[in-house]
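What the coordinates show
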Amino acid sequence: MPQGVIANGFVFLSAIRGVNESRNDLPSGVEAQARRAFEISRHILTEAGSGLNDIVRIGIYMKHLQESRPGFNKVWTELFGDRGPARFAVEVTDIGGAGDDTELLLDIIAVVTNRPG
Amino acid sequence: MPQGVIANGFVFLSAIRGVNESRNDLPSGVEAQARRAFEISRHILTEAGSGLNDIVRIGIYMKHLQESRPGFNKVWTELFGDRGPARFAVEVTDIGGAGDDTELLLDIIAVVTNRPG
Amino acid sequence: MPQGVIANGFVFLSAIRGVNESRNDLPSGVEAQARRAFEISRHILTEAGSGLNDIVRIGIYMKHLQESRPGFNKVWTELFGDRGPARFAVEVTDIGGAGDDTELLLDIIAVVTNRPG
């Protein structure tokens, strides 16, 4: 499955999780995972002629909404300040691989601002 | 975080919950919360040059899907009749603030029909 | 509610479940439901001047994420090979009707490639 699909001036990203570069393990805690998730997003978006500041909507799926929100919001504020994409967050019973430590999954829509390179 | 983000002729709303104007409490029950959620949506959409009838897709997240659907659908029918946006509804384990009475959260995409005012 | 809403070159589908033609029962198991879900999607998309290969993003909601993913991916690979839409999958506590056997629900966005017929 592709990492991002471009259509009509938007790019739709497949599920973003904050995995380490090895793609086989996850840093511990939602804050580290959120940082990695946005690093990965930035890379995919840049390839698509977009970027973090071009994200228009993020669906945030967490395993532990109340516990994870403060750490996630800390990273969010560092990246976006008091602006940023439209967003919503919900807690679900499972995301990621069987029994792994995925704490969050992002569903991202961005606009394409540059011709993809 | 913004209440709505405009891009390429669409407006993406951040999580809509049916909070009272004080923003600190919630009316009791899904029907009252749905009414408030659509009032809030209407206000944000109007600011963006859109409106309730310009919504094209709603993701509906509920804490109690089966119990809440009839009350939600009552409000839906009043607003949209037998037409309306594309929609889906799922039950999740948590939305909103810690221990509050949020019964539903809406993830809304609409089209911009007027130049934002 | 409509099966699909067209706006700005996209079509947004309402919740797709893998129900049988009677609309009253569900085939057993996620693989059969996934096949039916994509058959139904294909029909609605074709009516809208779109098609399965024009899907750009799928949100996948499952009752049993780990158990269902292999069967779902089998159908996915048959339809899309190693390409396909952007996607994410999460496990939620309820979808579909009260006590029924709905195993998955799809939230689909596609591009309109032909004038709707």
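Structure shown above.
Residues numbered from 1 in each chain as written. Chains lettered and ligands numbered in written order. Predicted model: local features only at pLDDT ≥ 70, side-chain atom pairs only at ≥ 80, totals over all residues. Heavy atoms only, no water.

1. Topic: the overall build of chain A
Summing up its helical and strand segments, chain A has two helices and six strands in all. Counting helices and strands in the order they occur from the N terminus, chain A gives β-β-β-α-β-α-β-β. Relative to the globule expectation of 13 Å for 117 residues, the C-alpha radius of gyration of chain A, 14 Å, shows essentially globular dimensions. In terms of overall dimensions, chain A has C-alpha extents of about 40 × 30 × 20 Å along its principal axes. Taking all 117 residues of chain A together, 56% fall into the buried category. Sequence-distant contacts, at least 24 apart, represent 73% of the contacts inside chain A between residues at least 6 apart. Total accessible area on chain A is roughly 4,900 Å²; 45% of this is exposed by carbon and sulfur atoms. Charge separation in chain A, taken as the distance between the mean sites of 12 positive and 15 negative side-chain charges, equals 6 Å. (Helix = DSSP H or I, 4+ residues; strand = E, 2+ residues; numbered from the N terminus. Rg over C-alpha atoms; globule rule 2.2 N^0.38 Å. Buried < 20%, exposed > 50% of the residue type's maximum accessible area, 1.4 Å probe, protein only. Contact = heavy atoms within 4.5 Å. Areas by Shrake-Rupley, 256 points an atom, 1.4 Å probe, with all protein chains shown as cover. Lys, Arg positive; Asp, Glu negative; His and termini not counted. Charge placed at Lys NZ, Arg CZ, Asp CG, Glu CD.)

2. Some words on the environment of Glu103(A)
Residues and elements named next belong to chain A. Secondary-structure assignment places Glu103 in the loop between strand 5 (86–91) and strand 6 (104–111). A relative accessible area of 17% places Glu103 in the buried class. C-alpha of Glu103 to C-alpha of Leu26: the two residues are 77 residues apart in sequence and 9.2 Å apart in space. Beyond its immediate stretch of four places on either side in the chain, Glu103 contacts Val30, Gln33, Tyr61, Met62, Lys63, His64, Ser68 and Ile95.

3. Examining the pairing of strand 1 (residues 4–7) of chain C
Residue and element names in this part refer to chain C. Here strand 1 shows a clear split, with Val5 and Ala7 buried on one side and none of Gly4 and Ile6 buried on the other. Where strand 1 and strand 2 (residues 10–13) come together, four bridges link them in antiparallel fashion. What sits directly across from Val5, in strand 2, is Phe12. Linking strand 1 back to strand 2 in an antiparallel pair, the connection comprises two residues, with Asn8 at a positive phi of about 50°. (Pairing = 2+ DSSP bridges.)

4. Observations concerning unusual backbone geometry
All names here are of chain A. For Asn8, which is not a glycine, the phi torsion comes out positive at approximately 50°. Among the secondary structure elements, Asn8 is positioned in the loop between strand 1 (4–7) and strand 2 (10–13). Its relative accessible area of 41% is what places Asn8 among the partly exposed residues.

5. Thoughts on the relation of the copies chain C and chain B
For the pair chain C and chain B, the superposition axis carries a translation of 0.0 Å, the fit reaches an RMSD of 0.0 Å, and the rotation angle comes to 120°. Look at the turn and shift together and you get a three-fold axis relating the two. Residue Val92(C) of chain C places its C-alpha closer to the rotation axis than any other residue of that unit, at 3.1 Å. (Least-squares fit on C-alpha atoms with pLDDT ≥ 70 in both.)

6. Structural notes on the packing of aromatic side chains
Summed over all chains, the structure comprises 28 aromatic pairs over all chains. Among the aromatic residues, ring-to-ring pairing joins Phe10(A), Phe12(A), Phe10(B), Phe12(B), Phe10(C) and Phe12(C) into one connected group. Positioned above the aromatic ring of Trp76(B), the side-chain terminus of Arg87(B) is 4.6 Å from the ring centre. (Phe/Tyr/Trp six-rings, centres within 6.5 Å; stacked < 30°, edge-to-face > 60°. Lys NZ or Arg CZ within 6 Å of the ring centre and 35° of its normal.)

7. Observations regarding the environment of Gly49(C)
Mapped onto the fold, Gly49(C) is located in the loop between helix 1 (30–47) and strand 4 (55–62). Spatially, the C-alpha atoms of Gly49(C) and Phe88(C) are 25 Å apart, while their sequence positions differ by 39 residues.

8. Brief notes about the pairing of strand 5 of chain A
Residues and elements named next belong to chain A. Judged by how many residues are buried, strand 5 sits mostly within the fold: six of six residues are covered. Taking every second residue as pointing to the same face, both faces of strand 5 are buried, with Ala86, Phe88 and Val90 on one and Arg87, Ala89 and Glu91 on the other. Two strands pair when backbone bridges link them, and strand 4 (residues 55–62) and strand 5 are joined in this way by six bridges, in the parallel orientation. Bridging from a neighbouring strand, Ile58 pairs with Arg87 of strand 5.

9. Quick look at the interface of chain B and chain A
The interface of chain B with chain A comprises 21 residues on the first partner and 24 residues on the second. In total, chain B and chain A occlude about 1,700 Å² of area from one another, counting both sides; carbon and sulfur atoms represent 61% of this. At the junction of chain B with chain A, the criterion picks out one salt bridge. The partner of Asp107(B) in a salt bridge is Arg57(A), with the nearest N and O atoms 2.8 Å apart. For the side of chain B that touches chain A, the class distribution of residues is 13 nonpolar, five polar and three charged. (Buried area = accessible area lost by both parts, 1.4 Å probe. Salt bridge = Lys/Arg side-chain N within 4 Å of Asp/Glu carboxyl O. Nonpolar A, V, L, I, M, F, W, Y, C, P; charged D, E, K, R; others polar.)

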